[in-house]
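# Summary of the model geometry
Below are the chains, spelled out letter by letter.
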Amino acid sequence: TGGITTLTASGTATTYTWSGSVVDGAAFAPAATDTYTVTGTDVNNCVNMASIMVTVNNLPTVQANATATVVCAGDMTTLSGSGTATTYTWSGSVVNGAAFAPAATDTYTVTGTDANNCSNTASVMVTVNNLPTVQANATATVVCAGDMTTLTAGGTATTYTWSGSVVNGAAFAPSATDTYTVTGTDGNGCS
């Protein structure tokens, strides 16, 4: 469906007229399988006819699927095509059914091709959210045993969680030298 063909008559006639409003030698897109008849007329006004059948195959159905349409930078998603096609090829060098980490928000198009070599397309947009910025701060990074320090986080995250059961912004006395890690999570769930 939607493909273009051109019907051209030949022989000893001087004029050729096609059925179905087809113009000899002009490309057109047949809507359905049909038989087209050409009538050839020569200089003696003698007429003869010939016919040709043009088969119109339906386009395959194609759907674009994603395991996740919204991801955080660095996270993976898998795109897969489905429908009545036999092969599915994605834009952007994406491999059908293989996980990948998109670099930026983009729309990916899958082309499905069936056994008749007819193709159809579908698209899916994958949104990539940036990771929040996170800074780790301490009122003191060197303390004596029993002394207090306060760890606070800053950046573009909305919540901050520290390792070692440390509470963000609350003073505590570390029991030993340690490295504390803060994880900041934003409104998109990116950390």
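Going by the structure above, here's the rest.
Notes on the structure in this doc start here. Just so you know, these numbers come straight off a predicted model, no measurement behind them.

Scanning the protein for helices and strands turns up zero helices and 17 strands. Against the 2.2 N^0.38 benchmark of 16 Å for 191 residues, the protein shows a C-alpha radius of gyration of 34 Å, more extended than a compact globule. Referenced to the eigenvectors of the C-alpha coordinate spread, the extents of the protein come out at roughly 115 × 25 × 20 Å. Across the 191 residues in the protein, those meeting the buried criterion constitute 28%. A separation of at least 24 residues holds for 42% of the contacts in the protein among residues at least 6 apart in sequence.

Read across the sheet, three strands follow the order β13-β14-β16 without closing on themselves; strand pairing throughout is antiparallel. Among the strands making up the open sheet, the edge pair consists of β13 (134–138) and β16 (171–172). Here five bridges tie β13 to strand β14 (residues 149–155), and the two strands are oriented antiparallel to one another. By the bridge assignment for β14, A138 is matched with L151.

Basis of the calculations
- Residues numbered from 1 in each chain as written.
- Predicted model: local features only at pLDDT ≥ 70, side-chain atom pairs only at ≥ 80, totals over all residues.
- Heavy atoms only, no water.
- Helix = DSSP H or I, 4+ residues; strand = E, 2+ residues; numbered from the N terminus.
- Rg over C-alpha atoms; globule rule 2.2 N^0.38 Å.
- Buried < 20%, exposed > 50% of the residue type's maximum accessible area, 1.4 Å probe, protein only.
- Contact = heavy atoms within 4.5 Å.
- Pairing = 2+ DSSP bridges.

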